[in-house]
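# Observations on chain architecture
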Amino acid sequence: MALFSSLTPLFIAIICVLIGVILKKTDGEKKKQKTEGKPLSRPWVDEDLKDGTDHHLEEEEADEEWQGIDENVAHVPFFAERYSEAEMIKRSQMFYELLNKRRSVRFLSDEPVPREVIDNVIRTAGTSPSGAHTEPWTFVVVQDPYLKHKIREIVEEEEEINYKKRMGDRWVNDLKRLRTNWIKEYLDTAPYLILIFKQVYGRLPNGKKKTHYYNEISVSISCGILLAALQNAGLYTVTSTPLNCGPQLRVLLKRPANEKLLLLLPVGYPKKDATVPALTRKPLEDIMVVM
């Protein structure tokens, strides 16, 4: 009896440990079941589309004293063309009317487009302002049929997942009225695909990284200028953000690791039977505030 009494605390301790192990195991199995019950999903927002403005260079790679920019850049007189008020009003109205005709066109013809036009509109996009004049953009022009089809395969595979799993019912329903889906025939038929990459950093002559300030904002502005230049030349496109395709397309097009895909533009003439949604734009009073 005395032996049993002395062993009682030991038995109680063992029982407590066993109960703890059982409870922990049960809790772990419940969490595992919850995890297994959830469908596996890839991240919706492509890492490549994150703003690289806050990209910090590693201390040993950054050169704080010299970024490859000449401190003694010469400043020259600036001569601006000045118009009369009447001419300004006329020109601004004409430019608005031109760009108001811009529409996103998904039915593009395979009719050839002069290469010189593409060169000129990209030159125009290259006039965009950029942070510290780093010009952090690369415009990849694809006209090879094989490459265009490979791009289409990559984009359609990911877009199908987007529509079926990532975007959600509300987003998909909102797009139904525009009759869009993951089938991107225009990636094959358009004579040119222009893929715009943002350079999240550059390289100095000594091989170290060079900071590209406000790289995403700078490249986005250049994309807007490019759209205006295309409209001015009589060409059409549809803005495409190939989510979750960036790394694959970068490898396909042999672009370096510092370049991240921002936008994909199929460029060409509309098909003769092309249609667009009957949309209206907000009036001036809804988009402008004068204070």
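Residues numbered from 1 in each chain as written. Predicted model: local features only at pLDDT ≥ 70, side-chain atom pairs only at ≥ 80, totals over all residues. Heavy atoms only, no water.

### Comments concerning the overall build of the protein
Rules: A run of H or I in DSSP counts as a helix once it spans at least four residues, and a run of E counts as a strand once it spans at least two, with each numbered from the N terminus. When a residue's accessible area, from a 1.4 Å probe over protein chains only, is under 20% of the maximum for its type it is buried; when over 50% it is exposed; and in between it is partly exposed. Residue contacts follow a heavy-atom distance rule, with two residues in contact if any of their heavy atoms lie within 4.5 Å. Residue burial considers only the protein chains on display, and all accessible areas are found by Shrake-Rupley using a 1.4 Å probe.
If you tally the helices and strands in the protein, you get nine helices and five strands. If you list the helices and strands of the protein from N to C, you get α-α-α-β-α-α-α-β-β-β-α-α-β-α. In the protein, which comprises 291 residues, the share counted as buried stands at 33%. The long-range share in the protein, meaning contacts at least 24 apart out of those at least 6 apart in sequence, stands at 84%. Accessible surface for the protein amounts to roughly 20,200 Å². Of this, 57% is attributable to carbon and sulfur atoms.

### Side note on the sheet that holds strand β5 (residues 259-267)
Going by this rule: Should DSSP find at least two bridges between two strands, the strands are taken to pair. Here an angle of 0 to 180 degrees is reported between the N-to-C directions of two axes, which are lines fitted to C-alpha atoms, with helices fitted over the stretch in contact.
Across the sheet, which stays open at both edges, the three strands sit in the order β1-β2-β5 with antiparallel pairing between neighbours. If you trace the sheet from one side to the other, it starts and ends with β1 (137-142) and β5, each paired once. Within this sheet the neighbouring strands show an average axis-to-axis angle of 20°, counted without direction. In this structure, strand β2 (residues 192-199) lies alongside β5, joined through eight bridges in antiparallel fashion. Within the sheet, the bridge partner assigned to Y192 lies in β5 and is V267.

### Brief notes about the environment of T241
Residue placement: T241 occurs in the loop between α7 (215-232) and α8 (246-252). Along the chain, T241 and V155 lie 86 residues apart, while their C-alpha atoms are 9.7 Å from each other. Here T241 is in contact with L262 and L263, once residues within four sequence places are set aside.

### Considerations on the side chain of T189
Take T189: it is sitting in helix α6 (residues 186-189). We classify T189 as buried; its relative accessible area is 18%. When sequence neighbours within four positions are dropped, the list of residues in contact with T189 reads L108, S109 and D110.

### Let's talk about the packing of aromatic side chains
Heads up, the rule is: Note on ring pairs: Phe, Tyr and Trp rings are taken, using the six-membered ring of Trp, and paired if centres are within 6.5 Å. Classes follow the plane angle, with under 30 degrees stacked, over 60 edge-to-face and the rest tilted. Two conditions define a charge sitting above a ring: the NZ of Lys or the CZ of Arg must be within 6 Å of the ring centre, and it must be within 35 degrees of the ring normal.
The final tally for this structure, using the stated rule, is zero aromatic pairs. One Lys or Arg, K209, reaches over the ring of Y201 and ends 4.4 Å from the middle of that ring.

### Some words on the pattern of salt bridges
What counts is decided by this rule: Only one rule defines a salt bridge in this text: a Lys or Arg side-chain nitrogen within 4 Å of an Asp or Glu carboxyl oxygen.
Taken as a whole, this structure holds seven salt bridges when the rule is applied. Note that E153 is salt-bridged to K150, the shortest N-O span being 3.5 Å. Of this pair, E153 and K150 both sit in helix α4 (residues 145-166), separated by three residues, roughly a single helical turn. Two residues, R152 and E156, come together in a salt bridge whose shortest N-O distance is 2.8 Å. Of this pair, R152 and E156 are both found in helix α4, four residues apart, which corresponds to roughly one turn of the helix. If you follow the salt bridges from partner to partner, you end up with R152, E156 and D188 in one network.

### Points about the environment of P114
Residue position: P114 is located in the loop between α2 (85-100) and α3 (115-125). Distance in space between the C-alpha atoms of P114 and P191 is 9.8 Å, their sequence separation being 77 residues. For P114, the residues in contact, after removing those within four places along its chain, are Y192 and Y269.

### A closer look at the nonpolar core
Test applied: Among the buried residues, those of types Ala, Val, Leu, Ile, Met, Phe, Trp, Tyr and Cys that are joined through side-chain atoms within 4.5 Å form a nonpolar core.
I118, F139, I194, I196, L226, L265 and V267 are the most contacted members of the largest nonpolar core, which totals 21 residues. Looking at which element gives the most residues to this core, the answer is α7, with six residues. Apart from residues no more than four positions distant in its own chain, F139 is found in contact with I122, A125, I194, L195, I196, S222 and L226. Ranked by size, the runner-up nonpolar core spans 19 residues in total, among them I154, Y186, L195 and L261.

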